[in-house]
Amino acid sequence: MSSSIWVKVVGFSAIERHSLNTLFRLSVRQTPAYCLWTPDAPAPPHVALIDTDCHEAEVELASPTFNPNLKTICVGTKVYSQAWQSFQRPVDWNALVQVLDGLFASHTYVDVVTGFDVLDEEAVPPGVRVSLLVGMTGEDCMYLRARLALAGLTDVDAVDTAEQANRSMAHRPYDVVIVNLELADADPWTLLLSFKSMPAPPRAVIVTTPNPTWSAMERAEQAGCVGLLEMPFNPPQIMGLLQKV
């Protein structure tokens, strides 16, 4: 995962913006580093910081392009019920940084041999959601990675077989798993059933196939899947399903 955390800022006074820019500038020396998100940034925002007292916030939260799964920190007197954290003015910037660090700071452990803090590369900061693609072609993987990124899911692993999927899921938990029903090495439905017995089952499972049938849709629903994607992929269908995870 990148050590840069992109923060989308909506509203705020000139003085508050100056404080935020100072906060971002000072964080460059740390891990993670917080960066002001702009539309030309290389990744979607990881968190939104919204001034609920401004009209711009009302427009942003009502926009159909606003990602409801994006972690949101609000500042102001107006309440946004889905906010992850809320602050009143004057803003306690130290407390705000502590909230961000609590959400995104990398997990570390102490090496018993050296005594130094070591980054646990398999640990996932609580604000970052992880996805796994199973049995996709290279082209399909690239397309789904792009669509997942638009939905704020930027940490994506990809494997070719059910055996590799089981190994991956034994090492790290996944929020979203997308399985191609045309798996070559195993019965995909058996793989889906095995997810339920795992210590950390995926929060959402989506299946995909070039040959969708009513039977496949029913089996996907019975297996607890969020839905079934038809191949070639339909962008509105993909984004509709990802809004549910």
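Refer to the structure above for everything that follows.
Rules used throughout
- Residues numbered from 1 in each chain as written.
- Predicted model: local features only at pLDDT ≥ 70, side-chain atom pairs only at ≥ 80, totals over all residues.
- Heavy atoms only, no water.
- Salt bridge = Lys/Arg side-chain N within 4 Å of Asp/Glu carboxyl O.
- Helix = DSSP H or I, 4+ residues; strand = E, 2+ residues; numbered from the N terminus.
- Buried < 20%, exposed > 50% of the residue type's maximum accessible area, 1.4 Å probe, protein only.

## Remarks on the pattern of salt bridges
- Within this structure, the stated rule accounts for nine salt bridges.
- Lysine 8 is paired through a salt bridge with glutamate 60; the nearest N and O atoms lie 2.7 Å apart. Residue lysine 8 is found in strand β1 (residues 4–10), and its partner glutamate 60 is found in helix α2 (residues 55–62); the two are separated by 52 residues along the sequence. Each member of the pair, lysine 8 as well as glutamate 60, carries the same accessibility label: buried.
- Look at the salt bridges and you will find they share partners, linking Glu16, Asp51, Asp53 and Arg89 into a network.

## Focus on unusual backbone geometry
- Looking along the chain, the bond that leaves arginine 89 and enters proline 90 is cis, with omega of -5 degrees.
- Its location among the elements puts proline 90 in the loop between β5 (85–87) and α3 (93–104).
- In this chain, methionine 231 is followed by proline 232 through a cis amide linkage whose omega measures 0 degrees.
- In this fold, proline 232 is placed in the loop between β12 (227–230) and α8 (235–242).
- Within the chain, phenylalanine 12 stands out as a residue other than glycine whose phi angle is a positive 85 degrees.
- Among the structural elements, phenylalanine 12 can be located in the loop between β1 and α1 (14–27).

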